[in-house]
Amino acid sequence: QVHVVESGGGLVQAGDSLRLSCTASGRTFSSYAMGWFRQGPGKEREFVAAISWSGGDTSYADSVKGRFTLSRDNAKNTVYLQMNSLKPEDTAVYYCAADFNLVVITTTPDRVHYWGQGTQVTVSS
């Protein structure tokens, strides 16, 4: 069992930056691909970004490319989502996901094994 916990959410203004962290328990953290999803008010969950177990492969939604950067530190069992130039439309609950397979995260999130509880990000205009 893997316990996934997000942190770092908050209220910011448009144009500000925020860094989300996601920590996953277990000695096999470096075996997991990790990803972020978000769900805005009245919207469906959408993919944000994902990273392979090694950090060598990353994938981003078009809406965040060039503004968000996903990285990981396997020694700390943590992934980081650096969010720059935030927009009001980035307002959402952000969820961290873990799975052995990066493709599952990017293409079939309903099959993702582990999810966090989410952290709220609110961007005011």
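Below: a short report on this structure. Nothing here was measured: the structure is a model prediction, and the numbers come from that model.

Regarding the pairing of strand β5 (residues 46-51)
Put simply, side chains in a regular strand alternate between the two faces of the sheet. The element β5 is extensively covered by neighbouring structure, given that 5 of its 6 residues are classed as buried. Strand direction decides the pairing type here: strand β4 (residues 33-39) and β5, joined by 5 bridges, are antiparallel. Considered in β5, the bridge of F37 is made with F47. Summarising the sheet, β5 and strand β6 (residues 58-60) pair through 3 bridges and their orientation is antiparallel. If you follow A50 over to β6, its bridge partner there is S59. Linking β5 to β6, which pair antiparallel, is a turn of 6 residues; within it G55 sits at a positive phi near 90 degrees.

A look at the pattern of salt bridges
The final tally for this structure, using the stated rule, is 5 salt bridges. Taking the shortest distance from any N to any O, the salt bridge between D110 and R45 comes out at 2.7 Å. With D110 in the loop between α1 (102-107) and β10 (114-115) and R45 in the loop between β4 and β5, this residue pair connects regions lying 65 residues apart in the sequence. For D110, a relative accessible area of 71% puts it in the exposed group.

Parameters at a glance
Residues numbered from 1 in each chain as written. Predicted model: local features only at pLDDT ≥ 70, side-chain atom pairs only at ≥ 80, totals over all residues. Heavy atoms only, no water. Buried < 20%, exposed > 50% of the residue type's maximum accessible area, 1.4 Å probe, protein only. Helix = DSSP H or I, 4+ residues; strand = E, 2+ residues; numbered from the N terminus. Pairing = 2+ DSSP bridges. Salt bridge = Lys/Arg side-chain N within 4 Å of Asp/Glu carboxyl O.

Any functional reading would require information that these geometric values do not contain.
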